[in-house]
Amino acid sequence: MTNLKKVTNRKGRSRPVQEISFAAFVSLLVCFVLLSCPLALLRAAASKLTANTVSTATVEGRLAVFDDVWQTINDRYYDPHFHGVDWWAQRTQFRTLAANARDRMQLYEVLRRLLTSLRDAHTRVYSPEQKFDWEHPRFVTAGLSLREVEGLITVVGVERDSAARRQGIRAGDVVQTIDGENALTLLARKLSEQTESSTPQVTRLFAVSSLIGGPAGTTVAIEWLDAAGRLHKALLPRAWQQRTLGIRLTHRDGIAVIEIDGFTRDLVVEFARASQTRLGKARGIVLDLRNNGGGDAQAMAELASTFLPGAMDLGQFTDRNGNLFLKLETALPLLSVHPERLSRKIPIIILTSERTSSAAEIFTAVMKQAGRAAVFGGQTCGCVLAVRTRHELPDGGELEVSELDYHTALGVRLEGSGLKPDETVNLTRHDLYARRDLALISAVAGIRAVR
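Not measured: the values here are computed from a predicted model.

**Quick word on the overall build of the protein chain**
Each helix and strand counted, the protein chain has twelve helices and 23 strands in total. Relative to its 451 residues, the protein chain shows a buried fraction of 55%. Across the protein chain, the fraction of contacts at a sequence separation of at least 24, relative to all contacts at a separation of at least 6, is 72%. About 18,700 Å² of surface is accessible on the protein chain, with carbon and sulfur atoms providing 50% of the total.

Next up, the structure:
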């Protein structure tokens, strides 16, 4: 999503903020495209609760929160037709459910159901306790990351020092049951219960990620098959975990491989420093955006300026009336990264997946349209909208509303479609067990072929 952000509270005051989702770290999407605000202001905003917040323990308090959410979306949503949803009818239906919610947790579940009717991965609501520092995402995990691989619910990642790892669960294992229910049956039920999101790929990603979700301090019982087909059982605790976004630069057979978790101003500086000292005589560059959920659009444009000509049109954002709100362009490169090493003669391949979203999709699209890079991996999220303000709710919760749409310089709309790779590389259980990154291997081979 694209965020051009300030935080606005219920009294009409505003304070700058930018944020990024934690999608890259747990199978939950989706990040934003932000348009630059100071990090110190973000952290101050994230830690501050509005004075005299209402209590959701009362019917009046729950309705105050509901009405604020509904009205804010009604006034700000980028699509005045709400994707064909009868927004007034939604108010009637969900307002009653909000009034009857037994506690704040259930109230926010009602609010999320209201928002999912818009089929928009970016318009989201957070209860007061769910707000987080976007550079250090905090989330609840059972120590596993799951995806559909070869039609099966498959472990694709296991956290270090987790109970899951100690129980012997490995990437490539197939989850058979979750809390006693067949995993595929549970997935089918989740898909039938939830409204479609921005694209089919993100809808399924949300559903798969929710299979072992739950509150911190609870447990989930799973049964899984290992590589030899043996059945195992374990009871895994759910706990909070925190991550930090970063950039990792390595070399593989003379080719620079750069993993970028998100687009922030600090990471752009980090990229510049790493590039200056470690690009050296790289024969090519692989930019790994498979776990990049987006970030600051201006930071993205700065990084794109390293590879593209100055003053190049990177697309534009428009409001609900179709008016131009912001036009993105490259600048003269701010990163002194041996210009001759970043000439058009150096081949670049970008790795993508369904977790590649927002600013990362814009970056990929402009690089591809400029003929500057090929794309390997999977289809991107198709989640490219802009949240201009983060709205503070009466109880201290926060609401994000997609207020702006994005089109590339060629007029292509990425929201709801995403980008298909030039070369699709599918994940397999065999590769997971072998710890073989076939997409990266294919990208390295592709660069060699160019050279």
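**Re the packing of aromatic side chains**
The full count for this structure, using the stated rule, is nine aromatic pairs. Each ring, one from Phe 82 and one from Trp 87, has its centre 5.4 Å from the other, and the planes form 10°; the classification is stacked. Across the pair, Trp 87 and Phe 82 agree in class, each one buried. Taken together through their ring pairs, the aromatic side chains of Trp 70, Tyr 77, Tyr 78, Phe 82, Trp 87 and Trp 88 make up a single cluster. Taking the ring centre of Trp 70 as reference, the NZ or CZ of Arg 91 above it sits at 5.6 Å.

**Considering the pattern of salt bridges**
Summed over all chains, the structure comprises 25 salt bridges. Here Asp 253 and Arg 448 are joined by a salt bridge, their closest N and O atoms 2.4 Å apart. A residue pair is termed long-range when its members are at least 10 positions apart, and Asp 253 in the loop between strand 13 (247-252) and strand 14 (255-260) and Arg 448 in helix 12 (residues 438-450) qualify at 195 residues. Taking the relative accessible area as the measure of exposure, Asp 253 reaches 47% and is therefore partly exposed. A residue is classified by how much of its surface remains accessible, and Arg 448, at 39% relative accessible area, is partly exposed. For the salt bridge of Arg 413 with Asp 405, the shortest nitrogen-to-oxygen distance reads 2.5 Å. Each of Arg 124, Arg 390, Glu 398 and Glu 400 takes part in one network of salt bridges that share partners.

**Comments concerning the state of the cysteines**
Linking two cysteines covalently via their sulfur atoms produces the bond known as a disulfide. Counted by the stated rule, this structure contains one disulfide. Between the sulfur of Cys 381 and that of Cys 383 lies a disulfide, 1.8 Å long from S to S. On the S-S bond that ties Cys 381 to Cys 383, the torsion sits near -55°, and the link is left-handed.

**What to know about the pairing of strand 21 (residues 385-392)**
With seven of its eight residues buried, strand 21 lies for the most part within the structure. As paired elements, strand 21 and strand 22 (residues 398-407) share six bridges and run antiparallel to each other. Bridge assignment links Ala 386 to a residue of strand 22, and that residue is Leu 404. Between the antiparallel neighbours strand 21 and strand 22 lie five residues, among them Gly 396 with a positive phi of about 95°.

**A short note on the side chain of Glu 403**
Checked against the element boundaries, Glu 403 lands in strand 22. With sequence-adjacent residues up to four places away left out, Glu 403 is seen in contact with Arg 76, Tyr 78, Thr 318, Asp 319, Arg 320, Ala 386, Val 387, Arg 388 and Thr 389.

**Regarding the nonpolar core**
Judged by nonpolar contacts, the single largest core of 44 residues is most densely connected at Ile 285, Leu 287, Phe 307, Phe 363 and Met 367. Counting 25 residues, the second largest nonpolar core, distinct from the first, contains Leu 115, Leu 385, Leu 393 and Leu 399.

**What to know about the packing of helix 3 (residues 87-99) against helix 4 (residues 104-116)**
One can describe the packing of helix 3 onto helix 4 by two numbers: an axis separation of 10 Å at closest approach and a directional angle of 165°. By the angle between their directions, the pair helix 3 and helix 4 is classed as roughly antiparallel. You can see that helix 3 and helix 4 cross each other, and the crossing is right-handed. Counting all contacts with helix 3, which are made through Trp 87, Gln 90, Phe 94, Leu 97 and Ala 98, the residues of helix 4 involved are Leu 107, Val 110, Arg 113 and Leu 114.

**Some words on the sheet that holds strand 15 (residues 285-288)**
Ordered in space as 13-14-15-19-20-23, the six strands form an open sheet in which the pairing is mixed. The open sheet has two free edges, formed respectively by strand 13 and strand 23 (423-424), since each of these has just one partner strand. On the sheet, helix 10 (residues 359-369) packs against strand 15, strand 19 (348-352) and strand 20 (374-377) and is oriented at approximately 145° with respect to strand 19. Sheet strands touched by helix 12: strand 13, strand 14, strand 15, strand 19, strand 20 and strand 23. Its angle to strand 19, the strand with the most contacts, is close to 165°.

**Examining the environment of Asn 292**
Positionally, Asn 292 belongs in the loop between strand 15 and strand 16 (295-296). Relative accessible area serves as the criterion here: at 0%, Asn 292 is assigned to the buried category. Each C-alpha atom, one on Asn 292 and one on Ser 357, is 6.7 Å from the other, the two residues being 65 residues apart in sequence. Of the polar contacts made by the side chain of Asn 292, one reaches the backbone nitrogen of Gly 294; its length is 2.8 Å.

**Details of the confidence of the model for the protein chain**
On average, residues of the protein chain score 85 in pLDDT, and 84% of them reach the 70 mark or higher. For residues 35-51, every residue scores under 50 in pLDDT, and the model assigns this stretch 43 contacts once sequence neighbours within four places are set aside.

**Thoughts on a positive patch on the surface**
Judged by side-chain charge, Arg 160, Arg 165, Arg 170 and Arg 435 come together as a positively charged surface patch. Checked against the element boundaries, Arg 435 lands in the loop between helix 11 (429-433) and helix 12. Using a relative accessible area of 75% as the deciding quantity, one classes Arg 435 as exposed.

About the criteria used
Residues numbered from 1 in each chain as written. Predicted model: local features only at pLDDT ≥ 70, side-chain atom pairs only at ≥ 80, totals over all residues. Heavy atoms only, no water. Helix = DSSP H or I, 4+ residues; strand = E, 2+ residues; numbered from the N terminus. Buried < 20%, exposed > 50% of the residue type's maximum accessible area, 1.4 Å probe, protein only. Contact = heavy atoms within 4.5 Å. Areas by Shrake-Rupley, 256 points an atom, 1.4 Å probe, with all protein chains shown as cover. Phe/Tyr/Trp six-rings, centres within 6.5 Å; stacked < 30°, edge-to-face > 60°. Lys NZ or Arg CZ within 6 Å of the ring centre and 35° of its normal. Salt bridge = Lys/Arg side-chain N within 4 Å of Asp/Glu carboxyl O. Disulfide = S-S within 2.5 Å. Pairing = 2+ DSSP bridges. Core = buried A, V, L, I, M, F, W, Y, C linked by side-chain atoms within 4.5 Å. Axes fitted to C-alpha atoms, helices over the stretch in contact; angles between N-to-C directions. Parallel < 35°, antiparallel > 145°, perpendicular 65-115°, else oblique. Left-handed = near helix turned anticlockwise from the far one by under 90°. Polar contact = N/O pair within 3.5 Å; in protein donor to acceptor, adjacent residues only side chain to side chain. pLDDT = per-residue confidence, 0-100. Patch = residues over 30% accessible without salt bridge, like charges linked within 9 Å, V, L, I, M, F, W, Y side chains within 5 Å. Lys, Arg positive; Asp, Glu negative; His and termini not counted. Charge placed at Lys NZ, Arg CZ, Asp CG, Glu CD.

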